[in-house]
Amino acid sequence: MSLLDEFARRCVRMKPQTAEDGAGGRVTTWTEDFEFTASLARNASIEARRAEKQGVSSVYDALVNQSVRLAFGDYFRDAQSGETWRVTSNPEEKRAPACSTLPLKHFTAERKELPT
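Residues numbered from 1 in each chain as written. Predicted model: local features only at pLDDT ≥ 70, side-chain atom pairs only at ≥ 80, totals over all residues. Heavy atoms only, no water.

**Quick word on the environment of Leu104**
Stage number 1. Note on placement: Leu104 falls in strand S6 (residues 104–111).
Stage number 2. Given the relative accessible area of 18%, Leu104 is considered buried.
Stage number 3. On a C-alpha basis, the gap between Leu104 and Thr37 in space is 11 Å, while along the polypeptide they are 67 residues apart.
Stage number 4. In contact with Leu104, not counting residues within four places along its chain, are Leu4, Leu63, Val64, Asn65, Gln66, Lys94, Arg95 and Ala96. (Helix = DSSP H or I, 4+ residues; strand = E, 2+ residues; numbered from the N terminus. Buried < 20%, exposed > 50% of the residue type's maximum accessible area, 1.4 Å probe, protein only. Contact = heavy atoms within 4.5 Å.)

**Quick notes on the sheet that holds strand S4 (residues 75–78)**
Stage number 1. Pairing is antiparallel around the closed barrel formed by six strands, whose spatial order is S1-S2-S3-S6-S5-S4. The sheet shows a mean angle of 45° between the axes of neighbouring strands, taken without regard to direction.
Stage number 2. Both S4 and strand S5 (residues 84–87) contribute to a ladder of three bridges, which runs antiparallel. Counterpart to Tyr75 in the pairing with S5 is Arg86. (Pairing = 2+ DSSP bridges. Axes fitted to C-alpha atoms, helices over the stretch in contact; angles between N-to-C directions.)

**What about the pattern of salt bridges?**
Stage number 1. Taken as a whole and judged by the stated rule, the model has ten salt bridges.
Stage number 2. A salt bridge links Arg77 to Glu32; the nearest nitrogen and oxygen atoms lie 2.0 Å apart. Taken together, the residues Arg77 in strand S4 and Glu32 in strand S2 (residues 26–42) connect sequence positions 45 residues apart.
Stage number 3. For Arg77, a relative accessible area of 17% gives the class buried.
Stage number 4. In this structure Glu32 comes out as exposed when scored by relative accessible area, which is 51%.
Stage number 5. In this structure, Glu110 engages Arg86 in a salt bridge whose closest nitrogen and oxygen atoms are separated by 2.7 Å. Placement of Glu110 in strand S6 and of Arg86 in strand S5 is noted, with a sequence separation of 24 residues between them. In terms of burial, Glu110 and Arg86 fall into one category: buried. (Salt bridge = Lys/Arg side-chain N within 4 Å of Asp/Glu carboxyl O.)

This is the structure:
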């Protein structure tokens, strides 16, 4: 078993759906979109600590397969614990080179509840 396997979690991308609430406003509900595996680890860098002092709940580094379609601002949920995260960087900007034996991409995420 590799270190990546140790940190791997089965996750589900959450998809927002808005509808009129009947009183002139809108309400957002969240549905499961697709499953993927992510390796998550808490970021303890100085930059992450500064962000936490400015109100970000917890900063994580994540690795996913390059085929996973996530974008900045997407939400996903840990299928086992139910915790939710928001993607805080663009995963497409940090892809492993084509010659790599690990077809991964990296992004940062913060632990955050789904907005309503």
